[in-house]
Amino acid sequence: MRPRVARITQAVAPKLAGLPKPDALRALTALSKPQTLRTWQYTAGAATAGLALTAGVVTAAGPWDASGQRTAERDWAAVQERSGGADHGRRSGTSDTSDTSGASGTSAGAPAPAPSAPIVLAGLGSATGTLRAAPAGRALAAVLDPLLRNPALGTHQKAAVVDVATGKRLYGLRAGEALVPASTTKIATAVAALSAMGPDHRLTTRAALEPDTSELVLVGGGDPTLTARTDPEGWASLRTLADATATALEKRGVRQVTLSYDTTLYAGPELHPIGADNGGNLAPVSALMADEARTNDSTSGTADRSTEPAADAARTFAALLAKHGVKTTSPGPSKATGRATTLAKVSSPPLSALVERMLTNSDNDLAEALARQTALATGVRPDFAGGARAVRTQLGKLGLPLSGARFADGSGLNRADRLTPNLLTALLAKAGDPAHPELRPALTGLPVAGFTGTLSTRYTDGAAGVVRAKTGTLTGVNALAGTVVDRDGRLLAFAFLAADTTSATQAQAALDRAATALAACGC
């Protein structure tokens, strides 16, 4: 996320968490049809799509914008355009002192976030409003066929477009044929995990004391977002765990312990089949790690990783205990017994937040962790193969089209993965189904064009804010799958897959042009 937008996000998150559903519904925007679509029109339409999906269902899972993401988009668009409409939850002319760069309501008379318009997604659960007809297949083909056959997209292109309100496929280009999906695999992982565990599930790390032996065991719960940073920013904190553990030990009069760590929640090899030399894309997959085993201060993207994440997390835990006067031995592997007493524990944010982080940042560590957690939840061996098998099984239970699909991991780093455009669009449509509010984070976590995650530097003009999509990039493979709101206000799910590409930059630009054309379509 851009620094300016990140500062806005931090400031507005508390306000957005309490946004009333009526205000949310009023914010749903229908796009008009001028000859040239301006930034705010793109942004307003897209910024409300995820909102409608959640606000329209009373039982929607998790805060749809706990990150403040959509308010940041509306503010950004308003500042760029310098004209505004209805004020969504803020008084016009107020200032936000958290950002001095002018990105968010900076002074009296500043524009309100973005215009409001009637509800348009009645098919997704709203009680009022009407839907215009979905785009015609021939018209979509006339727009997309030339763009998807761009030589920059290699020798193999597959695509599908689906109307989310009805689930009807509007366009297909060999949509039932599978290709290497790269990181768009994470959409499948997200839907499977949410389906298996529910959006409120949390991953817990605990410290347990064995009776009579003074052995303290740090038990991994499979949470790669566990952090040792001084500012945990809402994630589970190893420092908090150490503080609580030291307090519990002091109450027992224990000042010295044998420290161990337990990673037995997961099975099988820790190294991904692509090997240790993976360009900093993935740490060894362990049930215990801190900060995704990163050796620098980064929180996303590639980075050098520890080769022994569990041992490093335990050593950090020991150092934190030492600050409280608790002496420890050098930590080693062990397994907590059923007789051990849990002294303290910390839990991750809910699964809904983990899924959103995974999708927005294309977080491979989280993806592999969630595949293993899905395996655990469904009684399957929690290793790479078991996670992949559990994902497929969960998607089958949802009635999704699995013909031609193959799962080899949770992240999409494995080139043995195969997905079809039919499956990817079906996953997105299922996440928008009012009957499955628990799947909504699979949409709200998608990177936003020009604003967040792996799309933050793409769509700097054109469809900034209106395309929300998961990217996929491996050498010779480029993919994009997500949603757009077209000029008639229809929410469309799309999946574009390309193989044998020779330039990632040119292929990404070609995919972006296709998604932008889809957003601009009043077909």
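Look up: the structure comes first, before these words.
Residues numbered from 1 in each chain as written. Predicted model: local features only at pLDDT ≥ 70, side-chain atom pairs only at ≥ 80, totals over all residues. Heavy atoms only, no water.

**Q** Could you clarify how one ought to interpret the packing of aromatic side chains in this entry?
**A** Where two aromatic rings form a pair, the distance of their centres and the angle of their planes describe that pair. Counted by the stated rule, this structure contains 1 aromatic pair. Measuring from ring centre to ring centre gives 4.9 Å for phenylalanine 494 and phenylalanine 496, while their planes differ by 35°; the resulting arrangement is tilted. Accessibility assignment for this pair places phenylalanine 494 and phenylalanine 496 in one class, buried. A cation over an aromatic ring shows up here: arginine 357 above the ring of tryptophan 235, its NZ or CZ 4.6 Å from the ring centre. (Phe/Tyr/Trp six-rings, centres within 6.5 Å; stacked < 30°, edge-to-face > 60°. Buried < 20%, exposed > 50% of the residue type's maximum accessible area, 1.4 Å probe, protein only. Lys NZ or Arg CZ within 6 Å of the ring centre and 35° of its normal.)

**Q** Even after reading the chapter, I still don't get the pattern of salt bridges, so can you show me in this structure?
**A** Any two side chains of opposite charge can pair, so long as their charged atoms come close to each other. All told, the structure shown has 13 salt bridges when counted by the stated rule. A salt bridge links arginine 315 to glutamate 308; the nearest nitrogen and oxygen atoms lie 2.6 Å apart. Owing to a relative accessible area of 35%, arginine 315 belongs among the partly exposed residues under this scheme. A residue is classified by how much of its surface remains accessible, and glutamate 308, at 40% relative accessible area, is partly exposed. A single network of salt bridges, built from pairs that share partners, joins Glu292, Arg294, Arg357 and Asp363. (Salt bridge = Lys/Arg side-chain N within 4 Å of Asp/Glu carboxyl O.)

**Q** What should I look at first to understand unusual backbone geometry in this one?
**A** Trans is the common state for peptide bonds, and a negative phi is the common state for residues other than glycine. We note that serine 214 has phi near 55°; this positive angle belongs to a residue other than glycine. As for its position among the elements, serine 214 is in the loop between β3 (204–209) and β4 (215–219). Positive phi, close to 55°, is recorded for glutamate 292, a residue that is not glycine. Residue placement: glutamate 292 occurs in the loop between β5 (256–262) and α9 (309–322). (Helix = DSSP H or I, 4+ residues; strand = E, 2+ residues; numbered from the N terminus.)

**Q** Could you clarify how one ought to interpret the side chain of threonine 227 in this entry?
**A** Within the secondary structure, threonine 227 is located in the loop between β4 and α8 (238–251). Note on threonine 227: relative accessible area 4%, which makes it buried. At 3.0 Å, the side chain of threonine 227 forms a polar contact with the backbone nitrogen of arginine 229. Beyond its immediate stretch of four places on either side in the chain, threonine 227 contacts Pro232, Trp235, Ala236, Ser237, Leu238, Arg239 and Asp291. (Polar contact = N/O pair within 3.5 Å; in protein donor to acceptor, adjacent residues only side chain to side chain. Contact = heavy atoms within 4.5 Å.)

**Q** Looking at this structure, I do not really get the nonpolar core. What am I missing?
**A** In this structure, Leu351, Leu395, Phe407, Leu423, Leu424 and Leu427 are the most contacted members of the largest nonpolar core, which totals 47 residues. Elements represented by at least two residues in this core include exactly α7 (185–197), α10 (351–361), α11 (364–377), α12 (384–397), α13 (421–431), α14 (441–444), β10 (477–485) and β11 (491–499). The leading source of residues in this core is α7, at 8 residues. Excluding residues that lie within four positions of it along the chain, phenylalanine 407 makes contacts with Ala188, Ala388, Val391, Arg392, Leu395, Leu402, Asp417, Leu419 and Leu423. Listed in part, the 32 residues of the second largest apolar core include Ala463, Val467, Val484 and Ala498. (Core = buried A, V, L, I, M, F, W, Y, C linked by side-chain atoms within 4.5 Å.)

All quantities given are derived from atomic positions and should not be read as evidence of function.
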